[in-house]
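Residue-level structure breakdown
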Amino acid sequence: MRKLIAGIVFFMSIAGISQAEVATDDYVTYRQSVFNLMGWHFKQMGAMIQGRTDYDATEFKQRAEAVAALAQMPAEGFIPETRDTQLPHHVKPEVWYQTERFDELMQGLVVSTTELAKQAGAEDKDDLRAAFGKVARQCKSCHDRYRERM
Ligand code: ASC
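Residues numbered from 1 in each chain as written. Predicted model: local features only at pLDDT ≥ 70, side-chain atom pairs only at ≥ 80, totals over all residues. Heavy atoms only, no water.

The protein goes by Cytochrome c in an unreviewed UniProt entry, where it is assigned to Neptunomonas concharum.

Set out below in structure tokens:
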């Protein structure tokens, strides 16, 4: 047993596995990746709602569930150490001092996307309009406050 633990500790040390080993810029890339994935699924849901593509209830639900799961993830990437990153980004400086308001909006995204995922699966896409619109407004309200215009 002691040999096994020593082996694991040795492996972790050579593999560099520890929280401290995550580079600051990796947090930026991480949260941007999550938002990109969310956008991918949300856009395709929007196309269905707006009738630009055929509505498929199963596909819509899968995408809504993906978005609801992803919505819980970006907050982890907003660590203050990333404030001065040299990577291209759209984060307004307000994010770093209006933390309570920002956290509230992030939580609102979790709540609204969870509700949409719950309602998804409906046969009539018109029944999803309200819940979909709520998520879209949640995206927008945070962008208006905290996302630099591109
Ligand atoms: C999208 C996307 C966003 C939101 C937002 C909704 O498809 O990429 O950021 O919808 O535009 O208001």
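Residues in contact with the ligand, as listed here, are Phe-42, Lys-43, Ala-136, Cys-139, Lys-140 and His-143. A distance of 2.8 Å separates an oxygen atom of the ligand from a polar atom in the side chain of Lys-43. Measuring from an oxygen atom of the ligand, one finds a backbone N or O atom of Ala-136 at 3.0 Å. Elements represented by at least two residues in the shell around the ligand include exactly helix H2 (24–49) and helix H5 (129–146). Considering only residue class, the shell around the ligand consists of 3 nonpolar, 1 polar and 2 charged. (Near = heavy atom within 4 Å. Polar contact = N/O pair within 3.5 Å; in protein donor to acceptor, adjacent residues only side chain to side chain. Helix = DSSP H or I, 4+ residues; strand = E, 2+ residues; numbered from the N terminus. Nonpolar A, V, L, I, M, F, W, Y, C, P; charged D, E, K, R; others polar.)

This paragraph deals with the packing of aromatic side chains. Taken as a whole and assessed by the stated rule, the structure comprises 6 aromatic pairs. Considering the side-chain rings of Phe-35 and Phe-78, the 6.2 Å spacing of their centres and the 65 degrees angle between planes classify their relative orientation as edge-to-face. Linking Phe-35 in helix H2 with Phe-78 in the loop between helix H3 (57–70) and helix H4 (99–119), this pair joins segments that are 43 residues apart in sequence. Look at Phe-78 and you get buried, because its relative accessible area is 15%. By way of ring pairs, the aromatic residues Phe-35, Phe-78, Trp-96, Phe-102 and Tyr-146 are connected into one cluster. (Phe/Tyr/Trp six-rings, centres within 6.5 Å; stacked < 30°, edge-to-face > 60°. Buried < 20%, exposed > 50% of the residue type's maximum accessible area, 1.4 Å probe, protein only.)

With that settled, the discussion passes to the environment of Lys-92. Structurally, the position occupied by Lys-92 is in the loop between H3 and H4. Its relative accessible area of 18% is what places Lys-92 among the buried residues. In sequence terms Lys-92 and Arg-147 are 55 residues apart; their C-alpha atoms lie 5.6 Å from each other. When neighbours within four sequence positions are excluded, Lys-92 is seen to be in contact with Asp-144, Arg-145, Tyr-146, Arg-147 and Glu-148. (Contact = heavy atoms within 4.5 Å.)

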